[in-house]
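A structural walkthrough
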Amino acid sequence: MKYFVSFVLFCLLLNVFATAQTLIQDSCKKAAARDPNIKYDFCVKSLEEDPQSKTATTLEGLLVASTKNAASKMVSLKGVVDNILKSKSYPKGSEIPLRDCLELYSDGNGDLNTALTNVKSRDYESANVNLSAALTAPSTCETGFKEAKQQKSPLTNDNNVLIQKIVIPLAFTNML
């Protein structure tokens, strides 16, 4: 009897993961079809790597998970910039753009947290506004480096990933 119960629980758990994987793939496919900024493969990989996304059973659940995923990347990138500034290991003329990026990431994280609150209260219009506001952080950060005597940004790759991580929940809000 004990083995039967274990087998049933295993099958149920396997079904949840299979359902979540289908939800992720279907949602990313729809989002990519609607928005040319969404990269389908990145969307699927990003969500499949996230434990909360794997257990989502609705698009709203994926929206919550992907918003948290974007916020986590924003906080991580803020830490990278903070470490660069503390170590003083940046090229001449990069300090001001780095400090600007740090502030932009702080503001962007606040926007993502507000968007998460909006999503949880099912205010998708406000969530969309806050996700859009958060999306300006990485692009404005990059612009700051371009304007600073042609400095090359050490954050370009991370900012590109962050942009992708934000456009995913932004696309999902437009699907609800």
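Residues numbered from 1 in each chain as written. Predicted model: local features only at pLDDT ≥ 70, side-chain atom pairs only at ≥ 80, totals over all residues. Heavy atoms only, no water.

Condition: UniProt positions are given in the numbering used here, feature names are shortened, and annotations may be inferred rather than shown by experiment.
The chain is annotated in an unreviewed UniProt entry as Pectinesterase inhibitor domain-containing protein of Arabis nemorensis. For the record of the chain, the UniProt heading Sequence similarities (unreviewed entry) holds the text "Belongs to the PMEI family."

**Observations regarding the state of the cysteines**
What counts is decided by this rule: A pair of sulfur atoms, both from cysteines and within 2.5 Å, is called a disulfide here. The helix and strand labels rest on DSSP assignments: H or I over at least four residues marks a helix, E over at least two residues marks a strand, and numbering proceeds from the N terminus. Exposure categories follow from relative accessible area, calculated using a 1.4 Å probe and restricted to protein chains: below 20% of the type maximum is buried, above 50% is exposed, and the middle band is partly exposed.
Summed over all chains, the structure comprises 2 disulfides. Between the sulfur of Cys 28 and that of Cys 43 lies a disulfide, 2.0 Å long from S to S. Across the S-S bond linking Cys 28 and Cys 43, the dihedral sits near -75 degrees, which makes this disulfide left-handed. Here Cys 43 lies in helix H2 (residues 40–48) and Cys 28 lies in helix H1 (residues 2–34), a separation of 15 residues in the sequence. Overall, the relative accessible area of 0% leaves Cys 43 in the buried class. Paired through a disulfide, Cys 101 and Cys 141 show a sulfur-sulfur distance of 1.9 Å. The S-S bond linking Cys 101 to Cys 141 shows a torsion near 95 degrees; that makes this disulfide right-handed.

**Overview of the packing of helix H4 (residues 59–87) against helix H5 (residues 95–120)**
For clarity, the cut-off: Axis lines are fitted to C-alpha atoms, over the contacting stretch for helices. Their N-to-C directions set the angle, which ranges from 0 to 180 degrees. Roughly parallel means an angle under 35 degrees; roughly antiparallel, over 145; roughly perpendicular, 65 to 115; everything else is oblique. Each helix crossing is assigned a hand: it is left-handed if the near helix lies turned anticlockwise from the far helix by less than a right angle, otherwise right-handed if that turn is clockwise. Ten residues, namely Ala, Val, Leu, Ile, Met, Phe, Trp, Tyr, Cys and Pro, are considered nonpolar, four, namely Asp, Glu, Lys and Arg, are considered charged, and the remaining ones, Gly among them, are considered polar.
Contact geometry for H4 and H5: axes closest at 9 Å, N-to-C directions at 160 degrees. As far as their axial angle goes, H5 and H4 are roughly antiparallel. For the pair H4 and H5, the crossing hand works out as left-handed. A breakdown of the residues in the contact of H4 with H5 according to their chemical character gives 17 nonpolar, 5 polar and 7 charged.

**Some thoughts on the nonpolar core**
Using the following cut-off: As used here, the term nonpolar core means buried Ala, Val, Leu, Ile, Met, Phe, Trp, Tyr and Cys residues forming a set that is joined through side-chain atoms within 4.5 Å. Contacts are assigned to residue pairs that have any heavy atoms within 4.5 Å of one another.
Residues Met 74, Val 81, Leu 98, Tyr 105, Leu 112, Leu 155 and Ile 166 are the most contacted members of the largest nonpolar core, which totals 23 residues. For this core, the secondary-structure elements that each account for two or more residues are H4, H5, helix H6 (124–147) and helix H7 (156–175). Broken down by element, the residue count for this core peaks at 7 residues, all from H4. Apart from residues lying up to four places away in sequence, Leu 155 is in contact with Leu 77, Val 80, Val 81, Ile 84, Leu 98, Cys 101, Tyr 105, Cys 141, Glu 142 and Phe 145. Grouped together as the second largest cluster of nonpolar side chains are 22 residues, Ala 31, Ile 38, Leu 47 and Ala 171 included.

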